Amino acid sequence: MRATTIHGPRDIRVEQVPDPRIEEPTDAIVRVTAGCICGSDLWRYRGDNAITAGETIGHEAIGVVEEVGADVQRVRAGDFVIVPFCHCDNTCPNCEAGVQSACVNGGTTVSGQGELVRVNQADGSLVRSDVPSESLMPSVLSLTDVMPTGWHAAVSAGVRPGMTVVIVGDGAVGLCGVIAAQQQGAERIIMMSRHEDRQRLAEEFGATDIVAERDEAGVEAVKELTKGIGADATLECVGTDQSMQMAFGLARAGSTVGFVGVPHGVTLPVGRMFGRNIGLRGGVAPVRRYVPDLLSRVLAGEIDPGRVFDLDLPLDEVAEGYRAMDERRAIKVIIRP
């Protein structure tokens, strides 16, 4: 057993616990070949979310199945798999309705920044794939959360061909939202971003306009671009009250805000929503629903979401990965055991 202390606004001591074991006959144990740090992990790093000393962390991982429970039929030891961060049996009423993230028998990956993860619904959750090449690996890893989450934002906002779409949040999810909007046929994609490296990547992914202003100035800039109307669809990819208020300020009457940022201190502008018939839809992405389609697009070379990863570190240097993302020196960090 070993431990790493991640020094930040509040130090987090992450201990590598003994190997996880099969607890239920539907479980599988996956040996991680690559994991990563999510923007939502920074909430705990910064002290905004409670933690328990010694708990494991990390919900994004790909790897090789090491062991399966007695009832597992679709995967076996030796299979390379993509591990959706929210586990599901893929058969319950919620799963059949396309909301696998709310599976009645679901669970969550909790040790993706480690050597082994337990998946509590292996047959329903795991997606088998050929072992990706090193060049494809980052994009395959992105399918565990960040790319499906950006996709879910666009689906929730109702993006359709010809629309003008605005994305609030230039982190990895927002950048994947640009890919999603482009793939779903948006004609104009406006990225709200103040960081040159992220602006460049957004444009390479398909953004047609960049707006660096925030709050009312940002809203006015978008209105100027849209002849005073606003966005046909708005993707909220941050989770703060500031980002949510801005998203509703950008949204045109009758449109929908697709939100996937984990909410922290958000108060909805119900009066504006009511008066302008603006809807809100989204939440935790049903990753398993989207992975097969997105994997096909990755393998066909249609999308390359792995470019959101701009730092690659061994597990022993995970603390530097947190610092780099917290200080915005990195967009998203790969962690390799």
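Data block above holds the structure.
All figures in this text were calculated on a predicted structure; none of them were measured in a lab.

Chemist: Please clarify how the packing of aromatic side chains should be interpreted in this entry.
Modeler: To describe a pair of aromatic rings, one takes the distance between the centres and the angle between the planes. Under the defined criterion, the tally for this structure stands at 1 aromatic pair. Residues Tyr45 and Tyr322 carry aromatic rings whose centres are separated by 5.4 Å and whose planes lie at 40° to one another, so their mutual orientation is tilted. Separated by 277 residues along the polypeptide, Tyr45 in helix 1 (residues 41–45) and Tyr322 in helix 12 (residues 318–326) bring together distant segments of the chain. Across the pair, Tyr322 and Tyr45 agree in class, each one buried.

Chemist: Is there a simple way to explain the sheet that holds strand 14 (residues 251–259) in this structure?
Modeler: Strand pairing in a sheet relies on backbone hydrogen bonds. The paired strands run either parallel or antiparallel. In space, the 6 strands of this open sheet follow the order 12-11-10-13-14-15, with parallel pairing throughout. Edge positions in the sheet fall to strand 12 (209–211) and strand 15 (279–282), since each has one partner strand and no second. On average, adjacent strands in this sheet sit at an angle of 20° to one another, irrespective of strand direction. Here strand 10 (residues 164–168) runs beside strand 11 (residues 188–192); their pairing, made up of 5 bridges, is parallel. When the sheet's bridge partners are listed, Val166 is paired in strand 11 with Ile190.

Chemist: Sorry if this is basic, but what is going on with the pattern of salt bridges here?
Modeler: Side-chain pairs of opposite charge can arise whenever the charged atoms involved come near each other. All chains considered together, the criterion is met by 16 salt bridges. For Arg297, the salt bridge is made with Asp293, and the minimal N-O distance between the two is 3.1 Å. Placement of both Arg297 and Asp293 in helix 11 (residues 287–299) is noted, with a separation of 4 residues, approximately one turn of the helix. A relative accessible area of 18% means that Arg297 is categorised as buried. For Asp293, a relative accessible area of 33% corresponds to the partly exposed category. Taken together, the shared-partner salt bridges in this structure form one network comprising Glu320, Arg323, Glu327 and Arg329.

Chemist: When you look at the packing of helix 6 (residues 172–183) against helix 7 (residues 196–205) in this model, what are you seeing that I'm missing?
Modeler: A pair of packed helices is characterised by two quantities: the angle between their axes and the separation of those axes. Helix 7 packs onto helix 6 with a crossing angle of 20° between their chain directions and a minimal axis gap of 9 Å. Here helix 6 lies roughly parallel to helix 7, going by the angle between them. For the crossing formed where helix 6 meets helix 7, the hand is right-handed. Contacts between helix 6 and helix 7 involve Leu175, Val178, Ile179 and Gln182 from the first element and Arg198, Leu201, Ala202 and Phe205 from the second. Across the contact of helix 6 with helix 7, the residue classes tally to 6 nonpolar, 1 polar and 1 charged.

Chemist: Help me understand the pairing of strand 14, please; the structure alone is not making it clear to me.
Modeler: In the case of a regular strand, side chains alternate between the two sheet surfaces. Where strand 13 (residues 231–236) and strand 14 come together, 5 bridges link them in parallel fashion. Among the inter-strand pairings, Leu235 is bridged to a residue of strand 14, identified as Gly258. Regarding topology, helix 9 (residues 241–250) serves as the crossover connection from strand 13 to the parallel strand 14, and that connection is right-handed.

Chemist: What am I meant to see in helix 7 here?
Modeler: Side chains that are three or four residues apart share a direction in an α-helix, a result of its 3.6 residues per turn. Buried within helix 7 are the following residues: Arg198, Gln199, Leu201, Ala202 and Phe205. Viewed end-on, helix 7 has its buried residues packed into an arc of 165°, placing them on one side of the element. Those residues of helix 7 that are buried lie in contact with helix 6, strand 11 and strand 12. Gly206 sits one or two positions beyond helix 7 and adopts a positive phi of about 130°.

Chemist: What is the right way to look at the packing of helix 5 (residues 146–157) against helix 6 in this model?
Modeler: As a packed pair, helix 5 and helix 6 sit with axes 7 Å apart at the nearest point and diverge in direction by 55°. Considered as vectors, helix 5 and helix 6 are oriented oblique to each other. Considering only the axes of helix 5 and helix 6, their crossing is right-handed. Contact residues: helix 5 offers Val146, Met147, Thr149, Gly150, Trp151 and Ala154, while helix 6 offers Ala172, Val173, Cys176, Gly177, Ile179, Ala180, Ala181 and Gln183. Residues that form the contact of helix 5 with helix 6 fall into these classes: 10 nonpolar, 4 polar and no charged.

Chemist: Looking at this structure, I do not really get the environment of Glu320. What am I missing?
Modeler: You can see Glu320 is positioned in helix 12. For Glu320, a relative accessible area of 25% gives the class partly exposed. Residues Glu320 and Arg272, 48 residues apart in the sequence, show an inter-C-alpha distance of 42 Å. If we ignore the near neighbours within four places in the chain, the residues touching Glu320 are Leu313 and Arg329.

Thresholds, definitions, all that
Residues numbered from 1 in each chain as written. Predicted model: local features only at pLDDT ≥ 70, side-chain atom pairs only at ≥ 80, totals over all residues. Heavy atoms only, no water. Phe/Tyr/Trp six-rings, centres within 6.5 Å; stacked < 30°, edge-to-face > 60°. Helix = DSSP H or I, 4+ residues; strand = E, 2+ residues; numbered from the N terminus. Buried < 20%, exposed > 50% of the residue type's maximum accessible area, 1.4 Å probe, protein only. Pairing = 2+ DSSP bridges. Axes fitted to C-alpha atoms, helices over the stretch in contact; angles between N-to-C directions. Salt bridge = Lys/Arg side-chain N within 4 Å of Asp/Glu carboxyl O. Parallel < 35°, antiparallel > 145°, perpendicular 65-115°, else oblique. Left-handed = near helix turned anticlockwise from the far one by under 90°. Contact = heavy atoms within 4.5 Å. Nonpolar A, V, L, I, M, F, W, Y, C, P; charged D, E, K, R; others polar. Right-handed = clockwise from strand over helix to strand, strands pointing away. Arc of directions from axis to C-beta.

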